[in-house]
Amino acid sequence: RSSCLAWPTVSKLQTATTNRGVVLCTAATIKSIALKFLERLDVIRDSSRKQHPAMEHELRALAAALQLFKKGSLIMDEVDLLLHPNKAELNFPIGAKHELDFSPERWTCAIHALDAVFYGERRAMAVSFQQSGRALTILS
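Quantities reported herein were computed from a predicted structural model and do not represent experimental measurements.

Caption draft 1: Inspection of the overall build of the chain at higher detail. Helices and strands together make up the secondary structure of the chain, namely six helices and zero strands. Starting at the N terminus, the α and β elements of the chain follow one another as α-α-α-α-α-α. In the chain, buried positions account for 19% of the 140 residues. Counting only contacts in the chain whose residues sit at least 6 apart along the sequence, the fraction spanning at least 24 positions is 55%. Accessible surface for the chain amounts to roughly 11,000 Å². Of this, 58% is attributable to carbon and sulfur atoms.

Caption draft 2: Representation of the environment of leucine 62. Tracing the chain through its elements places leucine 62 in helix H3 (residues 55-71). Classification of leucine 62 by relative accessible area gives buried; the value is 2%. With residues near it in sequence (within four places) discarded, leucine 62 still touches Leu5, Ile33, Lys36, Phe37 and Arg40.

Caption draft 3: Quick look at the nonpolar core. In terms of nonpolar packing, the biggest core is built from nine residues, these being Leu5, Val10, Leu13, Ile33, Ala61, Leu62, Ala64, Ala65 and Leu68. Mapped by element, the contributors of at least two residues to this core are helix H1 (7-18) and H3. For this core, the element with the highest residue contribution is H3, accounting for five residues. Ignoring anything within four residues of it in the chain, the contact list for leucine 5 reads Val10, Glu58, Ala61, Leu62 and Ala65.

Here is what the cut-offs are and how they apply
Residues numbered from 1 in each chain as written. Predicted model: local features only at pLDDT ≥ 70, side-chain atom pairs only at ≥ 80, totals over all residues. Heavy atoms only, no water. Helix = DSSP H or I, 4+ residues; strand = E, 2+ residues; numbered from the N terminus. Buried < 20%, exposed > 50% of the residue type's maximum accessible area, 1.4 Å probe, protein only. Contact = heavy atoms within 4.5 Å. Areas by Shrake-Rupley, 256 points an atom, 1.4 Å probe, with all protein chains shown as cover. Core = buried A, V, L, I, M, F, W, Y, C linked by side-chain atoms within 4.5 Å.

Encoded structure:
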């Protein structure tokens, strides 16, 4: 989601098409390109969202890559995995990024709970609750 498709990559795909070359990629790569294209379209259409000047340039590169994939031939391995709706799912959230509730404490709390299991062996806590004498007393 965070990487972008640049025109040099599209140029390589065009060269592979011209020379009847082979492009190897995962199903997740193609899905990611398609979803990135839809995300960029959504951002450009919504005037209230922050738009970077290079977005339209990237959108055109994504469209060109998708067009090349559309014109090409596809050979799939493990088709039962690739076409299964539950096994081939790609989570690709769109929209503005928001912090999760209670982050980062939600992770440190869970890790601290696991410290109760591993403290006896390591004699160290994974998270910085050392200032809590009560935590050390409970773990010891």
